[in-house]
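One letter stands for each residue in the lines below.
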Amino acid sequence: MCGALRASDAGKQAVLMGWVNRRRDLGNLIFIDIRDRTGLTQVVFNKERNPGLHQKAGELRNEYVIAAIGAVKLREPNTINKNIGTGEVELIAEELRILNEAKQPQFLPGDTVLPNEELRLKYRYIDLRRDAMQYNIELRHKVAIAIRDYLSSQGFFEIETPFMTRSTPEGARDYLVPSRVQPGCFYALPQSPQLFKQILMISGFDKYFQIVRCFRDEDFRADRQAEFTQIDLEMSYPQPERVWEVVEGFLTAAFKAGGYQIKTPFLRMSYDEAMRLYGSDKPDMRVPPMTDVREAFTAENLATLGVNPNLPVMTIRIPKVGELSRKERDDIKPLFVSKGRAKLFEDFKRLEKSFPEAAAKIREKTGAQADDLILVVAGDGKPGEHKSAGGVKPEVKQHDHAVYTSAGLLRVALAQKYAAKHGAFVRGDFRFLWVTDFPMFEWDDEGKRWAAAHHPFTSPHDRDMEKLESDPFAVRALAYDVVLNGTELGSGSIRIHRQDIQRKIFHALGLTEEEARARFGFFLEALEYGTPPHGGIALGLDRIVMILAGADSLREVIPFPKTARAVDLMVDAPTPVSEAQLKELGIQVRRPKD
RNA sequence: GGGGACGUAGUUCAGUUGGUUAGAACGCUGCCCUGUCACGGCAGAGGCCGCGGGUUCGAGUCCCGUCGUCCCCGCCA
């Protein structure tokens, strides 16, 4: 292989096959770097030594595929290239075959500046030849193998589940696949193999896993693709701690495959605590938590500031940012997105001038150093908004959350903006965290109903069972997320294994008996035939590899990704289909323009 | 659904208050060059300024629309 030859190979004959990475034509002497996925080797063509061969080498162009045969020669000491593994040797060509010519590509794998992503995706086969992409794809392979090996060694079976399955109205939008033999009927591509893996527990495969593709028709981001890969697993009779142990085990193996040692067990934190300290259910632990400093202010202070005294007053602290100019402070403002009625005080110096005592308490409470950036996010004091004061009603909690999440989003945005200053975002610093005790339900404003926060098969805490009807907001679920540096890696829960409880949950979700049976009838029936307690989790493989690769986007670790509008630029999908195909499927397309 | 950034040579970019012939670097083509390794030197080719309207004596530049890519909010059980 092109990256394999070493000084010890000197004197041997070698055949190298690969791409022309670069040619350096010195006239009577031509150097060609030949490349494959293992690396580069310099091949030398000397006119004096072999005029015919030298002339042929002159015809070589970028990305031609060639075979070079010759003797491995130790380089003169002054011509050694320390930048490449094969730099001590070179191949003195004796024979050259052009296996295939290449058109001049739009960009070259060896280019130092990347073209824009549109071109990279359109000519993905060129892009994938780049070192960085070859590394990422190999890393992905190694991580997947490590996880398979680990789970297999722990007694888990990898079992496949269908891709063409049943559409369920809960959750994300489905990708649909029309049926030809049943016109007007559709399969759905799975958002996850959730129900199948639960049924595998009912079927007696008490430890299941699968590295499996999932599909969700939603809007996409740097960390969200239309199709993505999950490490899905489920086990019978587990406590949550048992699931966490398994996950910590395979993540240790996966990160080891990526060259990193990680520490277990991971930190644990309840959802409530995560919200209060980080304003997020996926806290990035690399920057300091926020602090509620409501107590530092007097009632008069808060009134003067126009701050609601019933809501939290959160400080964000970003270390070592130093003095900010007026303009830099102004640049912070657009980073703040108020959820509900939160407002931002971006000038702590001014607060300090007006309220020196409160400011001193804040400095003490947050442990802020002189060069730390401090910001305050509080609830807007609107008259007539305190009607729920005194009782912990859902509305109050919602307003609390608005302040927490507004502050939390700003905290993350600032941490990114000033990453160079606080220096806390070091490659290889992995802060894992279990976030536990998620709420069972969320209020769906659009549908005006309670919705499952995780999914409707998640088991509530035993102690909260009686609050299902009276106070749904207070019901905690046996649900947990594994979080790494502010990214949600995975999400799981202990499931409901009893039909009566499942029925109660559907009821709390406002589903009638008939609706529930129409949607999940097969599953409810399965629950009645002796279902062991079970639970599991699913982790995003793409995200794990992305973080290990130090990449900012899933597209860097997926060979053939889609754009934000779910288009594959290389194959140009999706496309319209012929009238005949539609007719066969019994489908008529209503075009938006008509 | 909403907000923001970008779109100029094959590529990455520059292009002043609207003004004459739209530039640079790399790449490409040809010639020269025997120790280069991001080789070097000389010469040359290469432009629907994303697309469609509009304002103007005059538009790469201003306005409206549209298409595409990226980032964020909503959404993602």
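Cut-off values and rules
Residues numbered from 1 in each chain as written. Chains lettered and ligands numbered in written order. Predicted model: local features only at pLDDT ≥ 70, side-chain atom pairs only at ≥ 80, totals over all residues. Heavy atoms only, no water. Helix = DSSP H or I, 4+ residues; strand = E, 2+ residues; numbered from the N terminus. Expected span 1.5 Å × (residues − 1). Buried < 20%, exposed > 50% of the residue type's maximum accessible area, 1.4 Å probe, protein only. Contact = heavy atoms within 4.5 Å. Near = heavy atom within 4 Å. Polar contact = N/O pair within 3.5 Å; in protein donor to acceptor, adjacent residues only side chain to side chain. Salt bridge = Lys/Arg side-chain N within 4 Å of Asp/Glu carboxyl O. Core = buried A, V, L, I, M, F, W, Y, C linked by side-chain atoms within 4.5 Å. Pairing = 2+ DSSP bridges. Axes fitted to C-alpha atoms, helices over the stretch in contact; angles between N-to-C directions. Phe/Tyr/Trp six-rings, centres within 6.5 Å; stacked < 30°, edge-to-face > 60°. Parallel < 35°, antiparallel > 145°, perpendicular 65-115°, else oblique. Left-handed = near helix turned anticlockwise from the far one by under 90°. Bend = angle between axes of the 7 residues up to and from the residue.

## Thoughts on helix H4 (residues 131-153)
- In this model, H4 (23 residues) spans 33 Å end to end at C-alpha, consistent with the 33 Å of a helix rising 1.5 Å per residue.
- Looking at H4, one finds that the buried residues are Met133, Asn136, Leu139, Arg140, Val143, Ala144, Ala146, Ile147 and Leu151.
- Buried residues along H4 sit in contact with helix H2 (117-122), helix H3 (124-127), strand E9 (207-215), strand E10 (227-236), helix H6 (240-257) and helix H17 (541-549).
- Phi turns positive, to about 90°, at glycine 155, one or two residues after H4.

## Some points on the protein's contact with RNA strand B
- Around RNA strand B sit 48 residues, and of these Asp25, Thr79, Glu90, Ala452 and His454 come closest.
- Within 4 Å of the protein, the contacting atoms of RNA strand B are drawn from sugar and phosphate to the extent of 56%.
- In the model, a phosphate oxygen of RNA strand B is placed 2.7 Å from a nitrogen or oxygen of the arginine 221 side chain.
- A distance of 2.8 Å separates a sugar or linking oxygen of RNA strand B from a polar backbone atom of histidine 455.
- Put simply, the parts of the chain that give the surface near RNA strand B at least two residues each are strand E1 (13-25), strand E2 (29-36), strand E3 (39-46) and H2.

## Let's talk about the pattern of salt bridges
- Under the defined criterion, the tally for this structure stands at 40 salt bridges.
- The salt bridge involving lysine 142 is made with glutamate 138; its shortest N-O contact spans 3.4 Å. One end of the pair is lysine 142 and the other is glutamate 138, both in helix H4 and four residues apart, which spans about a single turn.
- Residue glutamate 138 is classed as partly exposed on the basis of its relative accessible area, which comes to 38%.
- Look at the salt bridges and you will find they share partners, linking Arg120, Arg124, Asp127, Arg130 and Glu556 into a network.

## Things to note about unusual backbone geometry
- A cis amide bond, omega -5°, links threonine 264 with the succeeding residue proline 265.
- With respect to the helices, strands and loops of the structure, proline 265 is situated in the loop between H6 and strand E11 (267-270).
- Between alanine 573 and the following residue, proline 574, the backbone shows a cis peptide bond with an omega angle of 0°.
- Its place among the elements puts proline 574 in the loop between H17 and helix H18 (579-585).

## Here we look at the nonpolar core
- Formed by 59 residues in total, the largest nonpolar core has its most connected members in Ile332, Leu373, Val377, Leu410 and Phe441.
- In this structure, Leu139, Val243, Leu251 and Ile262 belong to the second largest nonpolar core, which totals 42 residues.

## A look at the environment of histidine 454
- Take histidine 454: it is sitting in the loop between strand E18 (449-452) and helix H14 (467-470).
- By relative accessible area, histidine 454 is classed as partly exposed at 27%.
- Each C-alpha atom, one on histidine 454 and one on isoleucine 147, is 25 Å from the other, the two residues being 307 residues apart in sequence.
- Look past the residues within four positions of histidine 454 in its chain and what remains in contact with it is Ala479, Ser491, Gly492, Ser493 and Arg495.
- Polar contacts involving the side chain of histidine 454 include one to the side chain of serine 491, which spans 3.4 Å.

## Digging into the sheet that holds strand E5 (residues 89-100)
- Ordered by their spatial adjacency, five strands build a closed barrel running E1-E2-E3-E5-E4, and the pairing between neighbours is mixed. Recorded for the sheet is a direction-independent mean angle of 55° between the axes of neighbouring strands.
- Here two bridges tie E3 to E5, and the two strands are oriented parallel to one another. Looking at E5, one finds that valine 44 is bridged to isoleucine 92.

## Examining the side chain of asparagine 301
- In this structure, asparagine 301 sits in helix H8 (residues 299-305).
- Given a relative accessible area of 15%, asparagine 301 falls into the buried group.
- Setting aside residues no more than four positions away along its own chain, asparagine 301 makes contact with Phe355 and Ala358.

## A look at the packing of aromatic side chains
- Following the criterion strictly, the structure yields 19 aromatic pairs and no others.
- Ring geometry for tryptophan 434 versus tyrosine 480: centroids 6.1 Å apart, planes at 85°, classification edge-to-face. Remark: tyrosine 480 occurs in strand E19 (residues 479-484) and tryptophan 434 occurs in strand E16 (residues 432-436); sequence separation between them is 46 residues. In this structure, tryptophan 434 and tyrosine 480 share a single accessibility class: buried.

## Notes on the sheet that holds E9
- Ordered in space as E6-E9-E10-E21-E20-E19-E16-E11, the eight strands form an open sheet in which the pairing is mixed. Both edges of this open sheet fall to strand E6 (157-158) and E11, since each of them pairs with a single strand only.
- When E9 meets E10, the two strands line up antiparallel, connected through nine bridges. Paired with glutamine 210 across the bridge in E10 is aspartate 232.
- Its contacts with the sheet place helix H7 (residues 271-278) against E11 and E16, and it is angled at close to 90° to E11.

## Some remarks on the packing of helix H15 (residues 499-508) against helix H16 (residues 513-527)
- Put simply, H15 and H16 touch, their axes get as near as 11 Å, and they point 155° apart. For the element pair H15 / H16, the angle class is roughly antiparallel. As for the relative orientation of H15 and H16, their crossing is right-handed in sense. Residues Gln499, Gln502, Arg503 and Phe506 of H15 touch H16, and the partners they reach there are Glu513, Ala516, Phe520, Phe523, Leu524 and Leu527.

## Digging into H16
- For H16, with 15 residues, the first-to-last C-alpha span of 15 Å runs short of the 21 Å given by 1.5 Å per residue.
- Of all the bends in H16, the largest measures some 95° and sits at phenylalanine 520.
- Along H16, the residues that are buried comprise Ala516, Phe520, Gly521, Phe523, Leu524, Ala526 and Leu527.
- Elements that come into contact with the buried residues of H16 comprise helix H5 (194-202) and H15.

## Here we look at the side chain of arginine 129
- With respect to the helices, strands and loops of the structure, arginine 129 is situated in the loop between H3 and H4.
- Those residues in contact with arginine 129 that sit more than four places away from it in its chain are Trp19, Arg35, Glu63, Pro109 and Gln134.

Everything listed here is a matter of geometry and, on its own, says nothing about what the molecule does.
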